[in-house]
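# Secondary and tertiary structure notes
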Amino acid sequence: MKGFFKHISILILMLSIGVVILNNLYDNVFLNTSPRGKLQLAIKQEQEHIDYLFLGNSRVENYIDCSIIEAASGKICKNYAMSGSSYQDAYVLLKLLKRSGLTYDNLFIQLDPSLKNEAMTESFRASLVPFVNSYEIQIDHVALNLSPAEDHLPFYKYAKYDYLYGVRACFAQLYKNTSEYVELGYVPQYHTGNSNFGMLEDFALKNRFTELIKEEAVNDKAKIHFFTSPYCPDMDNTVVFNKLTSFYPGYINYSSFYKESHYFANCTHMNDKGAQVFTKQIIKDFNL
Amino acid sequence: MFFNSIEFLIFLPLCFILYWFVVNRNLKLQNAFILVASYFFYGWWDYRFLGLIAFSTVIDYSLGIAISKSQIKSRKKLFLFISLAINLGLLGFFKYFNFFVDSWIEAFNSLGYEMHASTLNIILPVGISFYTFQTLSYTIDVYREKLEPSKNLINFAAYVAFFPQLVAGPIERATNLLPQFSKKRVFNEEQAISGVNLILWGLFQKVVIADSCAPYVNSIFNNYESMNSLSLILGAVYFAFQIYCDFAGYSNIAIGTARLLGFDLMRNFNYPYFSRDMAEFWRRWHISLSTWFRDYLYIPLGGSRGSKWMQLRNVFIIFMVSGLWHGANWTFVFWGFLHALFFVPILLLNRNRNNLDQVAKGKLLPSFKEMGQMLFTFLLACIAWVFFRAPNIAAAFDYLKNVFTEASFKIEYLNIERYNIEMLLILFIFVMYEWFHREEEHPFTGKWKWIKIASVILMLLTLGVYSNHQDFIYFQF
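Okay, so let's go over this structure. The structure presented is a predicted model; accordingly, all values stated were derived computationally and were not measured.

### Topic: the pairing of strand β3 (residues 103-110) of chain A
Residues and elements named next belong to chain A. In terms of burial, β3 is a largely internal element, six of the eight residues being buried. As defined by bridge partners, strand β1 (residues 49-55) adjoins β3 across six bridges and the pair is classed as parallel. Within β3, the position partnered with isoleucine 50 by the bridge is tyrosine 104. Where β3 meets strand β4 (residues 223-228), five bridges bridge the pair, whose relative direction is parallel. By the bridge assignment, asparagine 106 is partnered in β4 with lysine 223.

### Points about empty space enclosed by the protein
In this structure the tally under the stated criterion is five cavities of 30 Å³ or more. Within this model, the largest cavity holds a volume of roughly 100 Å³. At the level of secondary structure, the elements contributing two or more residues to the lining of the largest cavity comprise α8 (189-222) and α9 (229-260) of chain B. When residues of the lining of the largest cavity are assigned to their parent elements, the largest contribution, four residues, is made by α9(B). Its residues assigned to classes, the lining of the largest cavity comprises six nonpolar, three polar and three charged. Taken as a whole, the second largest cavity spans an internal volume of roughly 50 Å³. Contributing to the lining of the second largest cavity are A:Tyr26, A:Phe155, A:Tyr158, A:Ala159, A:Asp162, A:Tyr165, A:Gly166, A:Val167, B:Leu461, B:Thr462, B:Gly464 and B:Tyr466. Counting residues per element, the ones that place at least two in the lining of the second largest cavity are α8 (156-160) and α9 (162-165) of chain A together with α17 (449-463) of chain B. Residue classes in the lining of the second largest cavity are distributed as eight nonpolar, three polar and one charged.

### Section: the sheet that holds β3(A)
Through backbone hydrogen bonds, the strands of a sheet pair up, either in parallel or in antiparallel fashion. Residue and element names in this part refer to chain A. Read across the open sheet, the five strands follow the order β2-β1-β3-β4-β5; overall the sheet is parallel. Of all the strands in the sheet, just β2 (77-79) and β5 (252-253) have a single pairing partner and so form its edges. This element, helix α4 (residues 66-73), spans β1 and β2 of the sheet and lies at about 170° to β2.

### Observations regarding the interface of chain B and chain A
The interface is formed by 27 residues belonging to chain B together with 22 residues belonging to chain A. A combined buried area of about 2000 Å² lies between chain B and chain A, and 74% of that area is made up of carbon and sulfur atoms. It is B:Trp450, B:Leu461 and B:Ser467 in chain B that bury the most area against chain A; as a group they hold 28% of the surface buried on that side. Where chain B meets chain A, there are zero salt bridges. Our count for the contact surface shared by chain B and chain A stands at five residue pairs in polar contact (both at pLDDT 80 or more). Elements supplying a minimum of two residues to the side of chain B that touches chain A: α1 (6-21), α8 and α17 of chain B. The dominant element in the side of chain B that touches chain A, judged by the number of residues it contributes, is α17(B), at nine residues.

### A short note on the nonpolar core
In this structure, A:Leu53, A:Phe54, A:Leu128, B:Tyr273 and B:Trp385 are the most contacted members of the largest nonpolar core, which totals 249 residues. Composition of this core by domain shows at least three residues from each of domain 1 (6-186) and domain 2 (191-276 + 355-476) of chain B. Discounting chain neighbours no more than four positions away, the residues touching A:Leu128 are A:Leu39, A:Ile43, A:Val92, A:Leu96, A:Met120, A:Ile137, A:Leu144 and A:Tyr165.

### Description of the state of the cysteines
Residue and element names in this part refer to chain A. Following the criterion strictly, the structure yields two disulfides over all chains and no others. Between the sulfur atoms of cysteine 66 and its disulfide mate cysteine 77 the distance is 2.1 Å. Handedness here is read from the sign of the S-S torsion; for cysteine 66 and cysteine 77, about -50°, the answer is left-handed. One end of the pair, cysteine 66, is in helix α4; the other, cysteine 77, is in strand β2, with 11 residues separating them in the sequence. Cysteine 77 matches cysteine 66 in its accessibility class, with the two residues each being buried. Disulfide pairing is shown between cysteine 232 and cysteine 267; the S-S distance is 1.9 Å. Taking the torsion about the S-S bond as the criterion, the cysteine 232 to cysteine 267 disulfide, at about -55°, is left-handed. In this pair, cysteine 232 is assigned in the loop between β4 and β5 and cysteine 267 in the loop between β6 (264-266) and β7 (269-270), connecting sequence segments 35 residues apart. Accessibility assignment for this pair places cysteine 232 and cysteine 267 in one class, buried.

Procedures and definitions
Residues numbered from 1 in each chain as written. Chains lettered and ligands numbered in written order. Predicted model: local features only at pLDDT ≥ 70, side-chain atom pairs only at ≥ 80, totals over all residues. Heavy atoms only, no water. Buried < 20%, exposed > 50% of the residue type's maximum accessible area, 1.4 Å probe, protein only. Helix = DSSP H or I, 4+ residues; strand = E, 2+ residues; numbered from the N terminus. Pairing = 2+ DSSP bridges. 1 Å grid on protein atoms, 1.4 Å probe; cavity = no way out; pocket = protein on both sides within 12 Å on 5 of 7 lines; lining within 4 Å. Points joined across faces, edges and corners; volume = space filled by probe spheres on them. Nonpolar A, V, L, I, M, F, W, Y, C, P; charged D, E, K, R; others polar. Contact = heavy atoms within 4.5 Å. Axes fitted to C-alpha atoms, helices over the stretch in contact; angles between N-to-C directions. Buried area = accessible area lost by both parts, 1.4 Å probe. Salt bridge = Lys/Arg side-chain N within 4 Å of Asp/Glu carboxyl O. Polar contact = N/O pair within 3.5 Å; in protein donor to acceptor, adjacent residues only side chain to side chain. Core = buried A, V, L, I, M, F, W, Y, C linked by side-chain atoms within 4.5 Å. Domains from an automatic or database assignment. Disulfide = S-S within 2.5 Å.

As structure tokens, this is what we get:
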């Protein structure tokens with residue numbers, strides 16, 4: 001039994017040393033290198049004044065090409081939308097940007113059926129995990145506490161979210177964090193397709209976090225604009241968006257604006273060609 | 001409860017401590033504890049199917065005694081037949097009912113007869129194929145008078161439900177495992193240490209190799225129409241390693257866990273991809289199943305006795321039944337059929353016992369001939385794996401056709417945002433580990449033992465897949 005426990009003890013010791021060393025190594029890489037991705041940019045980089053700030057999910061990230069807006073208006077435009085994110089994620093991102101010194105004049109929020117989701121997405125929460133304690137991030141109305149295991153067990157947070165912080169991400173953070181590799185704004189879709197998505201169902205018209213974003217914009221003396229990005233021509237029941245007009249002043253519904261399916265990568269996302277046309281429409285309608 | 005879960009990480013040490021420090025006073029307590037622990041382990045997944053294991057246990061326990069007590073041959077045969085009918089009936093119902101109904105309807109419809117029948121929503125109890133074969137081996141061996149029937153229900157129930165190998169084998173013979181339940185286990189340090197090392201190696205195979213291959217395999221097989229030749233070839237290679245490391249990993253953890261409790265289970269894999277022909281491959285792949293089929297199906301059918309035609313018939317029967325054992329899909333049957341085909345030239349040339357030794361025994365590297373033989377055998381195995389992995393036979397043929405028609409060998413960037421090169425590097429390291437330890441059970445031997453253990457722990461931490469937890473593939477069988 002003695003030899004067996006000695007064997008087990010050495011294994012546990014090796015494992016313990018391994019997790020402590022790797023935890024420190026990964027902390028160093030993820031916390032102290034230049035930002036990779038929009039969330040890290042919001043946390044790590046000092047922010048400046050932005051004239052037009054776009055927040056939302058892939059239906060903004062794939063739709064708004066800020067370079068066109070900047071060329072047309074001569075003002076600064078940033079697309080901070082993140083694919084798959086919720087309105088709570090957008091709210092947290094806005095708070096993080098402000099925490100890093102951001103000021104803005106116009107905030108654009110895209111509304112779609114994800115209004116029904118008030119939770120933070122798992123991937124967004126996971127992306128925040130290494131930074132919450134080290135950067136002392138606290139945000140009103142949002143619970144960002146780490147689980148005891150994430151907080152106290154060395155390396156647990158990196159193993160748990162290995163799809164975001166595995167060895168591959170570690171190397172990418174070190175060697176692929178230049179603008180050449182990092183998608184920091186508009187992310188175009190290049191293919192064309194038009195899979196029928198079916199029919200839009202009724203959804204919640206209000207979301208706790210769109211309300212908080214509204215309050216935030218009012219406090220920051222910025223204008224807030226609401227719109228819905230286009231769906232493919234096959235999408236049924238886009239009239240459900242008309243109900244949003246009464247809750248979101250100045251709201252523009254573009255959901256069935258385009259009849260040409262070649263503008264779409266799929267039914268819920270425009271491709272690059274569509275995004276170019278749509279961005280110009282936004283410039284025109286919002287007088288940017 | 002999965003071997004690669006947090007629950008098992010708590011369950012196993014707890015079991016170990018209770019087993020060796022609390023219930024180690026006598027055999028009865030040890031066996032009762034194993035039975036309770038095994039039912040708890042299985043019930044964690046779905047307690048409703050515990051009744052099925054208990055039913056199977058009581059039936060085979062009673063029939064074993066009945067067979068042994070019967071003086072008349074025909075009555076012995078009747079009891080054996082009842083055991084076969086009940087065990088295979090349960091397996092057939094839970095695993096194959098819908099498959100046969102669907103196939104029946106399809107056959108009728110293809111002949112122009114409109115036929116409708118509804119299938120049932122049946123959940124496949126995890127491990128049913130494994131413990132059914134295990135209990136069958138018991139009654140058959142009692143019938144053949146190779147084994148005395150168990151007179152102790154607790155011992156027998158613990159043998160059937162023994163948690164390390166309950167859900168995915170190795171399929172233990174009663175002649176090997178059951179007698180171990182009749183002797184009080186005494187802690188053996190060497191056995192326990194080798195058990196821990198096997199668990200570590202099994203975890204590495206599963207969490208680092210198999211689970212890393214999984215997203216590549218899924219990405220390539222799910223999009224095979226748009227993949228180029230190189231990616232399709234790599235897809236088959238990745239799947240070959242995924243299924244091997246998934247199942248061998250499980251088997252090693254099972255054998256290691258059993259050793260921690262003082263039991264010796266049979267070896268299930270013996271570096272099958274270093275085989276020089278298909279006969280050798282089958283002596284090294286899923287050994288507990290292939291020897292089961294050999295002893296309980298192939299030999300009773302006549303085995304290698306009789307004319308060549310009879311031998312060929314027997315080979316096709318066991319391979320196709322073995323394919324069907326894996327799952328209720330024609331792809332598995334075809335996979336077995338292909339292996340039988342690969343076996344034909346070996347059988348006709350009487351070369352099925354040509355390569356009984358380990359390849360390049362005592363040498364650092366294989367000869368060119370051996371290397372060529374190993375690569376050719378691996379190629380055949382990969383072709384068959386395409387059928388095993390594809391959703392249907394037509395898709396598998398399409399996949400193979402595209403290997404030749406999408407003739408581009410450019411390294412593609414997969415839709416999982418990864419390059420093939422990363423996975424190939426991991427596989428290369430793994431193959432090197434296996435090659436240089438092919439005469440051992442696992443690599444953690446010799447004077448560099450601790451260095452090798454440390455490197456595997458490091459790879460487990462850095463390359464292991466923990467977020468996208470993959471179930472063991474063989475659980476579905």
